[in-house]
Amino acid sequence: MELTVGPNQFFWDAAIWRDFYLRLADEAPVDTVVLGELVCSKRLPFYQTHFPEVIERLQGAGKTVAMTSLALITLKRERKLTADLVEMGLEVEVNDISAMPHLPVGATFSVGPLVNVYNESTLRWLAGRGATRICLPPELPLASIAILAKAVPVPVEVWGWGRLPLAISGRCYHARLHDRAKDNCQFVCGLDLDGRAVDTLDEQPFLAVNGVQTLSASCANAAYQLPGLREAGVASLRLSPQSEGFVDVCKLFRDLIDGRIDAEALSAKALPHAPGGQYADGFLSGIAGVDWSGGTGRTIFG
């Protein structure tokens, strides 16, 4: 089973962004790295000048590099940005289906977890259009994953670690929180390097926000589900970037896959690095997404 690093969901200073990926190239035992801007096109100019250096370093380290589309393409300049991805000569990861018309006829591409691939027909259609790798949406249960992974001879990937992407909005939550207009946000989302926690009125963890994006409060961790995912035929786990401890997390998952540690050991060692300070894998195994196989009952509302 391989490891894929998904696109960074958050807004970091350009120097932090660059150093993160250079360290990833040198130290992280992962197979594929997806670069680019997933959430907000306004962030891209701050760090895109580092693409050539980062891509060269990652490829030099033997890693496959892909470029993500935006999760929500709404503006003319965003359509142009999407078209420009093709000209970079790298695999494009489609996270908004409207990116597909920009791909040349016959071009291969991959599919990210924000595209709703819920059934065999959708999977076959994407494979027929040239998809070479498909990351399934994180809300699918293991039983559905097992069916989809065997539907087509295309590698299927499942979310393995990180805050789960739940929704993309036309509104910017960070801007509203700081009484700013979306067009004059002053990039206040950069204050929260791993998203801003949102609690309920009775002070229980509920969600996290990241600009226009809604995320899970807890950190998804598929470690306990690895045997079932293997049996289902899943080819790769996706690990989502975070500001602290990410290389260590990558190494722990490599050790888990290779049998050097078990799920309990990984979960204990990785917990200090988990955004939100708690785990969930309930979409894979439970009656609710916040369930956690490594504990007793619900992680949040139980």
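Up top is the structure these notes are about.
Worth saying up front: this structure is predicted, and the values here are computed from it rather than measured. (Residues numbered from 1 in each chain as written. Predicted model: local features only at pLDDT ≥ 70, side-chain atom pairs only at ≥ 80, totals over all residues. Heavy atoms only, no water.)

Trainee: Is there a simple way to think about the overall build of the protein chain in this case?
Mentor: Along the backbone of the protein chain there are 10 helices and 12 strands. Taken against the 2.2 N^0.38 rule, which gives 19 Å for 302 residues, the C-alpha radius of gyration of the protein chain at 18 Å falls within 12% of a compact globule. With the C-alpha coordinates of the protein chain rotated into their principal frame, the extents come out at 50 × 50 × 40 Å. For the protein chain, the accessible surface area stands at approximately 13,200 Å², while carbon and sulfur atoms represent 53% of it. Both charge centroids of the protein chain, one from 27 positive and one from 34 negative side chains, sit 5 Å from each other. (Helix = DSSP H or I, 4+ residues; strand = E, 2+ residues; numbered from the N terminus. Rg over C-alpha atoms; globule rule 2.2 N^0.38 Å. Areas by Shrake-Rupley, 256 points an atom, 1.4 Å probe, with all protein chains shown as cover. Lys, Arg positive; Asp, Glu negative; His and termini not counted. Charge placed at Lys NZ, Arg CZ, Asp CG, Glu CD.)

Trainee: Any chance you could explain unusual backbone geometry here in plain terms?
Mentor: Note: most residues except glycine have negative phi, and most peptide bonds are trans. Notably, Asp179 is not glycine yet its phi reads approximately 55°, a positive angle. Along the chain, Asp179 turns up in the loop between helix 6 (173–177) and strand 8 (196–199). Even without glycine at this site, Glu203 takes up a positive phi of about 65°. Mapped onto the fold, Glu203 is located in the loop between strand 8 and strand 9 (205–210).

Trainee: Even after reading the chapter, I still don't get the pairing of strand 11 (residues 236–239), so can you show me in this structure?
Mentor: Across a regular strand the side chains alternate sides, sitting on one face of the sheet and then on the other. In strand 11, alternate side chains face the same way, and those of Ser236 and Arg238 on one face and Leu237 and Leu239 on the other are all buried. Pairing between strand 1 (residues 2–5) and strand 11: four bridges, direction parallel. Opposite Val5, over in strand 11, you have Leu239 as the bridge partner. Where strand 7 (residues 156–168) and strand 11 come together, four bridges link them in parallel fashion. Considered in strand 11, the bridge of Trp159 is made with Arg238. (Buried < 20%, exposed > 50% of the residue type's maximum accessible area, 1.4 Å probe, protein only. Pairing = 2+ DSSP bridges.)

Trainee: For this particular structure, what's the right way to read the side chain of Arg163?
Mentor: By the element assignment, Arg163 lies in strand 7. Reaching out from Arg163, the side chain makes a polar contact with the backbone oxygen of Asp194 at a distance of 2.9 Å. Of the polar contacts made by the side chain of Arg163, one reaches the backbone oxygen of Ser216; its length is 3.0 Å. When near neighbours in sequence (up to four residues on either side) are disregarded, Arg163 contacts Gln9, Asp194, Gly195, Ala208, Leu215, Ser216, Ala217, Ser218, Cys219, Pro275 and Gly276. (Polar contact = N/O pair within 3.5 Å; in protein donor to acceptor, adjacent residues only side chain to side chain. Contact = heavy atoms within 4.5 Å.)

Trainee: It is not clear to me how the environment of Gln59 should be interpreted in this structure. Could you clarify?
Mentor: The topology assignment puts Gln59 in helix 2 (residues 51–60). By relative accessible area, Gln59 is classed as partly exposed at 41%. In contact with Gln59, not counting residues within four places along its chain, are Val65 and Leu90.

Trainee: Teacher, can you tell me more about the pairing of strand 4 (residues 91–94) here?
Mentor: Relative to strand 4, strand 3 (residues 64–68) runs parallel, the two sharing three bridges. Looking at strand 4, one finds that Thr68 is bridged to Glu93. Between the parallel elements strand 3 and strand 4, the chain passes through helix 3 (residues 76–86) in a crossover that is right-handed. Where strand 4 meets strand 5 (residues 109–111), two bridges bridge the pair, whose relative direction is parallel. Considered in strand 5, the bridge of Val94 is made with Val111. (Right-handed = clockwise from strand over helix to strand, strands pointing away.)

Trainee: I tried to follow the packing of helix 1 (residues 14–27) against helix 8 (residues 246–257) on my own but got confused; where do I start?
Mentor: When two helices pack together, you describe them by how their axes are tilted relative to each other and by the distance separating the axes. The contact between helix 1 and helix 8 brings their axes to 10 Å, and the two run at 30°. In terms of orientation, helix 1 lies roughly parallel with respect to helix 8. Of the two possible hands of crossing, helix 1 and helix 8 adopt the one that is right-handed. Between helix 1 and helix 8, the contacting residues are Phe20, Arg23, Leu24 and Glu27 on the first element and Phe246, Val247, Cys250 and Lys251 on the second. The residue makeup of the contact of helix 1 with helix 8, split by class, is five nonpolar, no polar and three charged. (Axes fitted to C-alpha atoms, helices over the stretch in contact; angles between N-to-C directions. Parallel < 35°, antiparallel > 145°, perpendicular 65-115°, else oblique. Left-handed = near helix turned anticlockwise from the far one by under 90°. Nonpolar A, V, L, I, M, F, W, Y, C, P; charged D, E, K, R; others polar.)

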